[in-house]
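Listed here are the chains, written in short residue letters.
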Amino acid sequence: MARGKHSDGNRKGPKSIYIRKMRYEEAYRLLDREIQAAFMKGETLVEVVHGIGEGVLKKMTDDYIQAHSFLKILEDGGLHLANNPGSTLVEIMGPSSEDLKKYLK
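Below you will find a few notes about this structure. (Residues numbered from 1 in each chain as written. Predicted model: local features only at pLDDT ≥ 70, side-chain atom pairs only at ≥ 80, totals over all residues. Heavy atoms only, no water.)

## Things to note about the pairing of strand 5 (residues 87–92)
Part 1 of the reasoning: With five of six residues buried, strand 5 is to be regarded as a mostly interior element.
Part 2 of the reasoning: Two elements, strand 3 (residues 45–49) and strand 5, share five bridges in a ladder whose sense is antiparallel. The residue bridging V49 from the neighbouring strand is S87, located in strand 5.
Part 3 of the reasoning: Where strand 4 (residues 71–73) and strand 5 come together, three bridges link them in antiparallel fashion. In the strand pairing of strand 5, L71 is matched with I92. (Buried < 20%, exposed > 50% of the residue type's maximum accessible area, 1.4 Å probe, protein only. Helix = DSSP H or I, 4+ residues; strand = E, 2+ residues; numbered from the N terminus. Pairing = 2+ DSSP bridges.)

## A look at the packing of aromatic side chains
Part 1 of the reasoning: Counted according to the given criterion, the structure contains two aromatic pairs.
Part 2 of the reasoning: Between F39 and F70, the ring centres sit 5.1 Å apart and the planes meet at 50°, which makes this aromatic pair tilted. Residue F39 is located in helix 1 (residues 24–41), and its partner F70 is located in the loop between helix 2 (56–66) and strand 4; the two are separated by 31 residues in the primary sequence.
Part 3 of the reasoning: The exposure class assigned to F39 is partly exposed, which follows from its relative accessible area of 25%. (Phe/Tyr/Trp six-rings, centres within 6.5 Å; stacked < 30°, edge-to-face > 60°.)

## Regarding the pattern of salt bridges
Part 1 of the reasoning: Across all of its chains, the model carries four salt bridges by this definition.
Part 2 of the reasoning: In this structure, K15 engages E34 in a salt bridge whose closest nitrogen and oxygen atoms are separated by 2.9 Å. You can see K15 sitting in strand 2 (residues 15–18) and its partner E34 sitting in helix 1, a full 19 residues away along the chain.
Part 3 of the reasoning: Looking at K15, the relative accessible area reads 4%, which means it is buried.
Part 4 of the reasoning: One salt bridge connects R23 with E25, and the closest N-O pair in it is separated by 3.6 Å.
Part 5 of the reasoning: Of the residues examined, R23 reaches a relative accessible area of 53% and is grouped as exposed.
Part 6 of the reasoning: You can call E25 partly exposed: its relative accessible area is 43%. (Salt bridge = Lys/Arg side-chain N within 4 Å of Asp/Glu carboxyl O.)

Here you go:
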């Protein structure tokens, strides 16, 4: 799979967003674009594949998720979908009314 691509294919499970081996700025833009697209499509789970490395992209992913109240990191949740230490499973929840006001300006 090419860098920065996501898989929608015929496989079951969450959409994957690949930011592994990307520069920080490029990875951030792709993550933001793909999370917003998944939200608009009504998806509830995405897997962000950031790799292990020095942990820069994992920290960026965690910071991004914490900055958005409609996102939540799923540790395991009994799903066993993202048991890869190089990826983070993210739940996309419905936004609060305050978030909607902020995004719909």
